[in-house]
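# An overview of the molecular structure
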Amino acid sequence: MPDSISALEALDRLRAGNARFVSGEGTRDLSLEHARRLDLVSAQAPFAIVLGCSDSRVPAEMVFDLGLGDLFVIRVAGNIVAPSQVGSIEFAAVRFGVRLVVVLGHSQCGAVQAALEELERPSEGRSPNLGFIMRSILPGVETAAALVGAQDRETLMGRAVRENIRASAKHLRQGSDILEQLIRDNGLLVVGAEYSLETGVVEFFDGVPSAC
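Cut-off values and rules
Residues numbered from 1 in each chain as written. Predicted model: local features only at pLDDT ≥ 70, side-chain atom pairs only at ≥ 80, totals over all residues. Heavy atoms only, no water. Helix = DSSP H or I, 4+ residues; strand = E, 2+ residues; numbered from the N terminus. Buried < 20%, exposed > 50% of the residue type's maximum accessible area, 1.4 Å probe, protein only. Contact = heavy atoms within 4.5 Å. Phe/Tyr/Trp six-rings, centres within 6.5 Å; stacked < 30°, edge-to-face > 60°. Salt bridge = Lys/Arg side-chain N within 4 Å of Asp/Glu carboxyl O. Core = buried A, V, L, I, M, F, W, Y, C linked by side-chain atoms within 4.5 Å. Expected span 1.5 Å × (residues − 1). Pairing = 2+ DSSP bridges. Axes fitted to C-alpha atoms, helices over the stretch in contact; angles between N-to-C directions.

### Regarding the overall build of the chain
Across its full length, the chain holds eight helices and five strands. Shown N-terminal to C-terminal, the secondary structure of the chain runs as helices and strands in the order α-α-β-α-β-α-β-α-α-α-α-β-β. In terms of principal-axis extent, the alpha carbons of the chain reach across some 50 × 40 × 40 Å. The proportion of buried residues among the 212 residues of the chain is 45%. A separation of at least 24 residues holds for 71% of the contacts in the chain among residues at least 6 apart in sequence.

### Things to note about the packing of aromatic side chains
By the definition in use, this model includes five aromatic pairs. With centroids separated by 6.3 Å and ring planes inclined at 25°, the aromatic side chains of phenylalanine 64 and phenylalanine 204 adopt a geometry described as stacked. Of the two residues, phenylalanine 64 is situated in the loop between α3 (60–63) and β2 (71–75) and phenylalanine 204 in strand β5 (residues 202–206); the sequence distance between them amounts to 140 residues. For the pair formed by phenylalanine 64 and phenylalanine 204, the shared burial category is buried. For the pair phenylalanine 91 and phenylalanine 96, a centre-to-centre distance of 5.7 Å together with 90° between the ring planes defines the contact as edge-to-face. Accessibility expressed as a relative area gives 12% for phenylalanine 96, which makes it buried. Feature note: the residues Phe72, Phe91 and Phe96 constitute an aromatic cluster, connected by ring pairs.

### Notes on the pattern of salt bridges
The full count for this structure, using the stated rule, is 12 salt bridges. Glutamate 163 is the salt-bridge partner of arginine 159, the closest N and O atoms lying 2.9 Å from each other. Of this pair, arginine 159 and glutamate 163 both sit in helix α7 (residues 153–174), four residues apart, which is roughly one turn of that helix. Exposure remark for arginine 159: the relative accessible area of 34% places this residue in the partly exposed category.

### Comments concerning the nonpolar core
Counting residues in hydrophobic clusters, the biggest one holds 40 residues, and the most contacted among them are Ile49, Leu51, Ile89, Val112, Ile137 and Leu172. Sorting the residues of this core by element identifies β1 (48–52), β2, α4 (83–96), β3 (100–106), α5 (110–120), α6 (128–148), α7 and α8 (177–185) as the ones contributing at least two each. Apart from the residues within four sequence positions on either side, valine 112 is in contact with Ile137, Val141, Met157, Ala160, Val161 and Asn164. Counting residues in hydrophobic clusters, the runner-up holds 22 residues, among them Ala7, Val58, Leu71 and Phe204.

### Observations concerning helix α1 (residues 7–23)
Here α1 is 17 residues long and its end C-alpha atoms lie 24 Å apart, about the 24 Å a rise of 1.5 Å per residue gives. As for α1, its buried residues are in contact with β1, α3, β2, β3, β4 (189–195) and β5. Count one or two residues on from α1 and you reach glycine 24, which has phi positive near 80°.

### Some details on unusual backbone geometry
Despite not being glycine, aspartate 65 shows a phi value in the positive range, around 50°. If you trace the backbone, aspartate 65 turns up in the loop between α3 and β2. Since its relative accessible area comes to 5%, aspartate 65 is described here as buried.

### Comments concerning the side chain of histidine 106
One can find histidine 106 in strand β3. Histidine 106 gets classed as buried once you look at its relative accessible area, which sits at 1%. Beyond its immediate chain neighbours, meaning those up to four positions away, histidine 106 contacts Cys53, Asp55, Arg57, Val58, Val161, Glu194, Tyr195 and Leu197.

### Regarding the sheet that holds β5
Across the sheet, five strands lie side by side as β2-β1-β3-β4-β5; this open sheet has mixed pairing. The sheet is open, and its two borders are formed by β2 and β5, each paired with just one other strand. Mean inter-strand twist for the sheet, computed between neighbouring axes without regard to direction, equals 30°. In this structure, β4 lies alongside β5, joined through four bridges in antiparallel fashion. Of the residues in β5, the one forming a bridge with glycine 192 is aspartate 206. Strands in contact with α1 are β1, β2, β3, β4 and β5; relative to β3, the strand with the most contacts, it is inclined by about 35°. Against the sheet, α7 touches β1, β3, β4 and β5, its axis set at about 165° to β4.

Here it is in structure tokens:
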């Protein structure tokens, strides 16, 4: 397995990049990206894997102030976990020696909102593909509804977003023999994070070692 920076070093780099993004002091230079593109033709060495939502407002490279070759990004509505996503993460973790996996959800997630509406008013005629996404998100929404109860809609939505992130991160930690082995023996870390559309801040809140 190729050498890579540690999970905690990768986490520090993501936090620093997000701080630059939030402050408006990003360091990305398109002329440098052009030169780097040529350097990356023959090989890549991403330092983190991000399983994020497809939402157009949450491009991982931008919110972490990073560029070409830095992140191995998988995007899907609702940052859900399915076999293709697990396989992609396994591929990057083994092929490139990446030690950090981030499940990146975000506030006001439309897919979570749709799942919440589905829980309240089940629909008919939904396509099987969209139905799969809804079924993948519903367990987290149901957990949030049980914990929050009859509190206001905004509170329920916020909790549902976080429970969905937690569910995806847990699936990755426990749903792949390859990832479980890498966690146990090679220092792989799977964490959950939420991006705030309002502030631009990414908060790492699930699976982060207490010392971090």
